Amino acid sequence: MKLLSSLFFLFFMGNCFAQSTNTGTISGIITDDIAKELIVGAKVNINNKYRTLSDYDGKYTLKNVPYGKHKIVVSILSFDTLIVFIDLKEPTLNQNLILGGSVELEEVKIIGNLVRGNNVPIAVTTISTKKITEELGSRDLPMLLNGTAGVYATQQGGGDGDARINVRGFDQRNVGVMIDGVPVNDMENGAVYWSNWFGLDAITSTIQVQRGLGATKIAMPSIGGTINIITQGIGSKKGGRFKQEYGTGNFLRSSFSYNTGMTKSGWGLTFSGSYKRGDGWVDGTQTEGFFGYLKLSKRIKNHLFTLSAFAAPQQHGQRSYSQPIQYWSADQALNLGLTIDSSQNYYNQGVQFNQHWGYRTIDGKKEVFNERLNYYTKPQITLKDFWKVNDKLSISNLAYLSIASGGGTRIFNSSSLQRDSIGLIDWDRVIEDNQVNSLFGTPNVDAAYHPTLIKSNNVLLASVNKHFWVGYLGQFNYEVTEKVSFSGGIDYRFYKGEHYQEIKDLLGGDYFVSTANQNSTTAMMVEGDKVAKNTYNAYRDGLVNWIGSFAQMEYTGDKWSTFINVSGIINSYKGIDYFQKRELDLGDTILQIGANDTINYNGEEYTSNSSGLTHVQTDWKTIPGFTLKSGASYAINDHSNVFMNVGYLSRTPQFSNVIDNNTNTFFKEIVNEKIVALEGGYNLAGKSFGINLNGYLTNWKNKPFPYGVSVPDPQDPTETIRININGMDAIHVGGEFDLAWKINKIFSTELMFSYGDWFWNSSKTVFIPQYDSLEINFDAKGVHVGDAAQTALSAALRIQPLKQLYFKIQYQFFDRYYANFDPFSLQGENGGRESWMIPSYSMVNLFAGYRYKFKSFVLFCNGTITNMLNNIFITDARNNYNDPFNFDAQSANVMFGQGFRFNVSLGIQF
């Protein structure tokens, strides 16, 4: 009995001792509560005994922690300290931690117009820094978004930075793009030129795509959606990185960045710089660019002051013209059942061919020389003050300035370009034609202008585009209660765009004579001189004055989350047209104007300077607009919610639909666009599994055609005029589904599917009384909208066999792309005809990477392969180029997508 009692006692004590000494591991990821950015260098502490720092992936691990209840304390400079109570009962516990209270990140939420959390009443996709690093490679930023629901992006002609993006069938003129809360869509035509933002990926922490009218507070042209790009903050751990890339087309890029972190005295500095050059995948699309970014922050009590500046001067060759299918590939034309016309000068050139370049002898050496070269720099400076007045009220003031300059080159007379046997420009022959009279073999001299100087017959022009853009954005956010907040603000922008053409290269000559300048003192023109109107384009300025305001009320409860937003704008437009003539032909009269003179005629003002340069300027035209939108979301449980939002937008027209650039006069038919949008969806967000399902309907009334529509002049049918035609409506309806599933520690998958039914909804006769009751008939009712794939699928599998190693394979499929076309051309027998639908296409992409952590730094390498199988497919098409009465592949002009491309990078993070 004593032996049995002793054994029982020993068993009981051993069991108690085992229980008291059982230990486990606590691990997880630390992020912020707004931008969902990974937090590096956060201190994680339990009882000052078990301590660690979050690593470069935001991960932390605490080992050998005894079973039981513990208090985890997480702290890092510029964030509120986080305290979390846990109960460790198992060998492993996954505990993700979310930090809040950062003044800088609250600034991101309010100024950057981000939404956070799962229970939000809009369709939104957030792209993380990790995804950008792993998948972008050397592609343009929009191409990364091609796997996002509702998004279609292409490289168009293939030039570096020439990508375009559509969201829900709306082109990028109708998609709002913001960088740190600053709108960047062109103030005249709404376009976004991605070549201006080279290097942005190096400093981006988050890209949030809000589809539909979204929750953006300020008035934006966001019919299709809004893309918010948020740059990296300073609050994270200090450190830097260097990365070297190499890719297709001898692409080389070197990037360096450094972040001081926020010091105890409240100062912080982030710097980033990058240089790239390459030959391009498309022939003759050489690229070279620099990028520089600087952000300086200072915390003074409850204020966070930030001064940031970036610039990306670049130049790259372009491929501007789409061509018939047989021009690029005879095999592809035959596969589509087309008839090959071998009598054409050039066909079957190859999908990488580019007609805009050739070789030029410079200093005895043959060098690549581009006819189409884009060069531009758009530096931007932003000054922000974010003031956390108290726990309820925050106020932000943001001022920005952008002064841009650059342009694109093109030949004055393309029909006289000499080409070699394979279709490249023979620049040496072009120069010879300029220098030597082909009839007599003598120097090309025109004694009427100069007895000995060489007169160029052809020159290289540059279409120069400059702008001065200044803006102010003031906002406040007031937490009325824990669940109710109210915000409002004002948005002011002033923009002046300057557009003209100048002589860039005389191509071997000494001067050039413009036919529009023959009667002026500036008939003999040299490099740098502005070319007069009627040679190619006007010399004009476009001025836009934008005043907007907004107010928004939000409620966030345990179950319901709602918002209502109203915004209004007043847009003012003015045009100034310069042209080098002293005799002004105004149609009904001819005015003689001298130097330094001003003449008023029919409400227009004509002014000249001492050299005879005259200009005519319009009055200011002011047009108001407004937006009203609201949404609600209901949380079914902790992991799922349903939502709905609705909006109405009275959108002011873009400058290009207010002032005719050809005549510098106001269009006579200017009315606002009317957009009604409705959206609903369901979201499920679990620990390792998430689903988003949503549907939308957008009714766009009075959808304009950019720059107006060209129609015969009623007074002279041999001439054309440009007019706005109101009454063209379009309906965009569709559904979107995306899924993310982390199967286990090794495997995770993503799936996206979107289906749209976008069609024109107008068939009518429009009378234009201002033009002698001009009558326009069109029938586009039920015809599908072109220029983007209405069906898209993306699927990806990520494999991470080791903590430091990953592979990801991605499949993308696009279908129901209708060739782009002018819906106003659907007249007579063409009324109601569908555009040609390009063949569906797919591609496979591969991504891989490895990280190795040393004691004080991390070595990493990444690789991307896009279109791994080198599929050949059409990505862009335009109908009726070659035959206005046929709507098929034979009549279309197209661009092919890019083939196999790769990018590898090696870097160090410290």
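Everything in this summary refers to the structure shown in the same document.

Calculation rules
- Residues numbered from 1 in each chain as written.
- Predicted model: local features only at pLDDT ≥ 70, side-chain atom pairs only at ≥ 80, totals over all residues.
- Heavy atoms only, no water.
- Patch = residues over 30% accessible without salt bridge, like charges linked within 9 Å, V, L, I, M, F, W, Y side chains within 5 Å.
- Areas by Shrake-Rupley, 256 points an atom, 1.4 Å probe, with all protein chains shown as cover.
- Salt bridge = Lys/Arg side-chain N within 4 Å of Asp/Glu carboxyl O.
- Helix = DSSP H or I, 4+ residues; strand = E, 2+ residues; numbered from the N terminus.
- Phe/Tyr/Trp six-rings, centres within 6.5 Å; stacked < 30°, edge-to-face > 60°.
- Buried < 20%, exposed > 50% of the residue type's maximum accessible area, 1.4 Å probe, protein only.
- Lys NZ or Arg CZ within 6 Å of the ring centre and 35° of its normal.
- Pairing = 2+ DSSP bridges.
- Axes fitted to C-alpha atoms, helices over the stretch in contact; angles between N-to-C directions.
- Core = buried A, V, L, I, M, F, W, Y, C linked by side-chain atoms within 4.5 Å.
- Polar contact = N/O pair within 3.5 Å; in protein donor to acceptor, adjacent residues only side chain to side chain.

1. Side note on a nonpolar patch on the surface
- Together, Phe 242, Phe 256, Tyr 258, Trp 267, Leu 269, Phe 271, Leu 294, Leu 296, Leu 307, Ile 381, Leu 383 and Phe 910 make up a nonpolar patch on the protein surface, roughly 1,000 Å² of accessible area in all.
- For the nonpolar patch, the secondary-structure elements that each account for two or more residues are β17 (251–259), β18 (267–278), β19 (287–300) and β26 (380–388).

2. Considering the packing of aromatic side chains
- Throughout the structure, instances matching the rule amount to 30 aromatic pairs.
- Ring geometry for Tyr 293 against Phe 310: centres 6.4 Å apart, planes inclined by 35°, an arrangement best described as tilted. Here Phe 310 lies in strand β20 (residues 303–311) and Tyr 293 lies in strand β19, a separation of 17 residues in the sequence.
- The class of Tyr 293 is buried, set by a relative accessible area of 3%.
- The buried category is assigned to Phe 310, whose relative accessible area is 9%.
- For Arg 360, the ring lying beneath its charged end belongs to Phe 369, and the centroid distance is 4.7 Å.
- Its guanidinium or amino end placed over the ring of Trp 546, Arg 493 lies 3.9 Å from that ring's centre, counting from NZ or CZ.

3. Focus on the sheet that holds strand β5 (residues 68–75)
- If you walk across this open sheet you meet the four strands as β3-β2-β5-β6, and the pairing is antiparallel. Looking at strand neighbours, the two that pair on one side only are β3 (50–53) and β6 (82–88), the edges of this open sheet. Each adjacent strand pair in this sheet contributes to an overall mean axis angle of 20°, direction not counted.
- With four bridges joining them, strand β2 (residues 43–46) and β5 adopt antiparallel strand pairing.

4. Description of the nonpolar core
- The biggest cluster of nonpolar side chains holds 53 residues, and the ones touching the most others in it are Ile 325, Trp 328, Ile 725, Trp 760, Trp 836 and Val 894.
- In this structure, Leu 144, Val 151, Val 192 and Phe 198 belong to the second largest nonpolar core, which totals 30 residues.

5. Brief notes about the pairing of β20
- Because side chains alternate across β20, one face comprises the buried residues Leu 304, Thr 306, Ser 308 and Phe 310, and the other comprises His 303, Phe 305, Leu 307, Ala 309 and Ala 311, none of which is buried.
- Here β19 pairs with β20 via nine bridges, running antiparallel. The residue of β20 that forms the bridge with Lys 295 is Ser 308.
- Hairpin remark: β19 followed by β20, antiparallel, with two residues in the connecting loop; positive phi at Lys 301, about 55°.

6. Here we look at the pairing of strand β55 (residues 841–853)
- With ten bridges connecting them, strand β54 (residues 805–817) and β55 associate as antiparallel partners. The residue of β55 that forms the bridge with Leu 805 is Tyr 850.
- Turn length for the β55-strand β56 (residues 858–866) hairpin, with the two strands adjacent in sequence and antiparallel, is four residues.

7. Notes on the side chain of Thr 270
- By the secondary structure assignment, Thr 270 is in strand β18.
- At 3.4 Å, the side chain of Thr 270 forms a polar contact with the side chain of Asn 259.

8. Observations concerning the environment of Asn 259
- Looking at where Asn 259 falls in the secondary structure, it is placed in strand β17.
- Given the relative accessible area of 9%, Asn 259 is considered buried.
- Sequence-wise, Asn 259 and Gly 240 are 19 residues apart; in three dimensions their C-alpha atoms are separated by 6.0 Å.

9. Brief notes about the pattern of salt bridges
- The full count for this structure, using the stated rule, is 24 salt bridges.
- Residue Asp 446 pairs with Lys 455 through a salt bridge whose shortest N-O separation is 3.1 Å.
- The residue Arg 493 makes a salt bridge to Asp 491 at a minimum N-O spacing of 2.8 Å. Assigned by exposure class, Arg 493 and Asp 491 land together as buried.
- Look at the salt bridges and you will find they share partners, linking Lys 131, Glu 135, Glu 750 and Lys 808 into a network.

10. Comments concerning the sheet that holds strand β22 (residues 323–324)
- Pairing in this open sheet of three strands is antiparallel, and the strands run β22-β58-β57 from one edge to the other. Of all strands in the sheet, those with a lone pairing partner are β22 and β57 (874–878), marking the two edges.
- One ladder, built from four bridges, connects β57 with strand β58 (residues 893–896); its direction is antiparallel. What sits directly across from Ile 874, in β58, is Phe 896.

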